[in-house]
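One-letter residues, chain by chain:
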Amino acid sequence: MSEETEAHKAQYASKKGEVVLRDHEYDGIQEYDQTLPNWWLFVFFGSLLFFFGYWIAYYQLGWSKTDGEKIDQAMERIETAKKKALDEMLAKLDDRALIEEWSTNPEHIAAGEEIFQANCIACHGQDLSAKIDIGGGQSVNLPGLSLTDGEWKYGSKPMDVFRLINEGTPAGSDGHNGAKMEAWGQKMPPIQIAELTAFLISKNPKDFPQP
Ligand code: HEC
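Residues numbered from 1 in each chain as written. Predicted model: local features only at pLDDT ≥ 70, side-chain atom pairs only at ≥ 80, totals over all residues. Heavy atoms only, no water.

### Details of the overall build of the chain
Secondary structure summary: the chain contains eight helices and two strands in total. Taken over the C-alpha trace, the chain has a radius of gyration of 36 Å; the compact-globule value for 211 residues is 17 Å, which it surpasses by more than 25%. If you line up the chain on its principal axes, its C-alpha atoms span 110 × 50 × 35 Å. Within the chain, contacts between residues at least 6 apart in sequence are counted, and of these 47% link residues at least 24 apart. For the chain, the accessible area works out to roughly 15,000 Å², and carbon and sulfur atoms hold 56% of it. Across the chain, 20 positive and 33 negative side-chain charges occur, with their mean positions spaced 5 Å apart. (Helix = DSSP H or I, 4+ residues; strand = E, 2+ residues; numbered from the N terminus. Rg over C-alpha atoms; globule rule 2.2 N^0.38 Å. Contact = heavy atoms within 4.5 Å. Areas by Shrake-Rupley, 256 points an atom, 1.4 Å probe, with all protein chains shown as cover. Lys, Arg positive; Asp, Glu negative; His and termini not counted. Charge placed at Lys NZ, Arg CZ, Asp CG, Glu CD.)

### Some words on the packing of helix H7 (residues 158-167) against helix H8 (residues 190-203)
For the pair H7 and H8, interaxial distance at closest approach is 9 Å and the crossing angle is 130°. Between H7 and H8, the interaxial angle falls into the category oblique. For the pair H7 and H8, the crossing hand works out as right-handed. Here Pro158, Val161, Phe162, Ile165 and Asn166 of H7 lie close against H8, whose contacting residues are Pro190, Ile193, Ala194, Leu196, Thr197, Leu200 and Ile201. Partitioned by chemical class, the residues of the contact of H7 with H8 number 10 nonpolar, two polar and no charged. (Axes fitted to C-alpha atoms, helices over the stretch in contact; angles between N-to-C directions. Parallel < 35°, antiparallel > 145°, perpendicular 65-115°, else oblique. Left-handed = near helix turned anticlockwise from the far one by under 90°. Nonpolar A, V, L, I, M, F, W, Y, C, P; charged D, E, K, R; others polar.)

### A look at the site of the ligand
Lining the immediate environment of the ligand, one finds 26 residues, of which Cys120, Cys123, His124, Tyr154 and Met181 sit closest. At 2.9 Å from an oxygen atom of the ligand is found a main-chain nitrogen or oxygen belonging to Glu151. Within the side chain of Thr169, a nitrogen or oxygen atom sits 2.7 Å from an oxygen atom of the ligand. Taken together, the elements giving at least two residues each to the shell around the ligand come down to helix H6 (121-124), H7 and H8. Looking at the shell around the ligand, the element that brings in the most residues is H7, giving three residues. The residue inventory of the shell around the ligand, partitioned by class, reads 16 nonpolar, seven polar and three charged. (Near = heavy atom within 4 Å. Polar contact = N/O pair within 3.5 Å; in protein donor to acceptor, adjacent residues only side chain to side chain.)

### Overview of the domain arrangement of the chain
Each assigned domain of the chain is listed with its residue range as follows: domain 1 (3-60) and domain 2 (79-203). Here domain 1 and domain 2 have C-alpha centroids that lie 70 Å from each other. (Domains from an automatic or database assignment.)

### Here we look at the pairing of strand E1 (residues 131-135)
As defined by bridge partners, E1 adjoins strand E2 (residues 138-141) across four bridges and the pair is classed as antiparallel. Note on E2: the bridge partner recorded for Gly135 is Gln138. (Pairing = 2+ DSSP bridges.)

Have a look at this one:
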């Protein structure tokens, strides 16, 4: 039987709801000889067309942005917004304002204490001493520096403390026993850094006397 008549036979049979098998048989396996349903062909050729259009638009003409470009743009927007918030905060913040206004405001201090408890005590200790009591009159040093010893390694002005928390251990410094402070400004808005600074100032009245 020629190819053409076989195709006709298969089409006729499937219209009648009969099943036609092809002549060959391999390992006992035979193959149906039926025309594919129209809905299947429609989806198949439709997806071919879609692929072709998509390939031209996306890969050849570059109509849409790649995921990488979208992420880069979003990151840029976030960085710009962060920088703007920091600039706005720095414009109204100075040593005097931190001591006289921020560190005397109970709301700022309470907020700063809460943030400190949530983020900083693992390395600086609940009582800011950078030590933890392990019972029996013994204590263990934590990785951070004491924040109540009257020493401020990277500058003792309120704005120095703000900057250190915001930017972390300065580039070029080996840190403390090799451990460095991270740049919390990457994780927190500037207002929270200012609240943390206010809290630390309030805990060290000798270092930051009120006028
Ligand atoms: C993973 C441990 C770790 C955490 C958490 C941490 N710090 Fe530190 N911090 C350090 C280390 C280590 C140093 C010393 C850095 C150096 O010497 O360069 C330091 C230094 C500091 C200093 C300077 C102290 C001085 O005497 O000069 C301040 C202020 C400070 N941290 C505030 C904070 C605040 C506020 C937080 C919470 C938002 C915090 N730290 C969370 C490890 C930590």
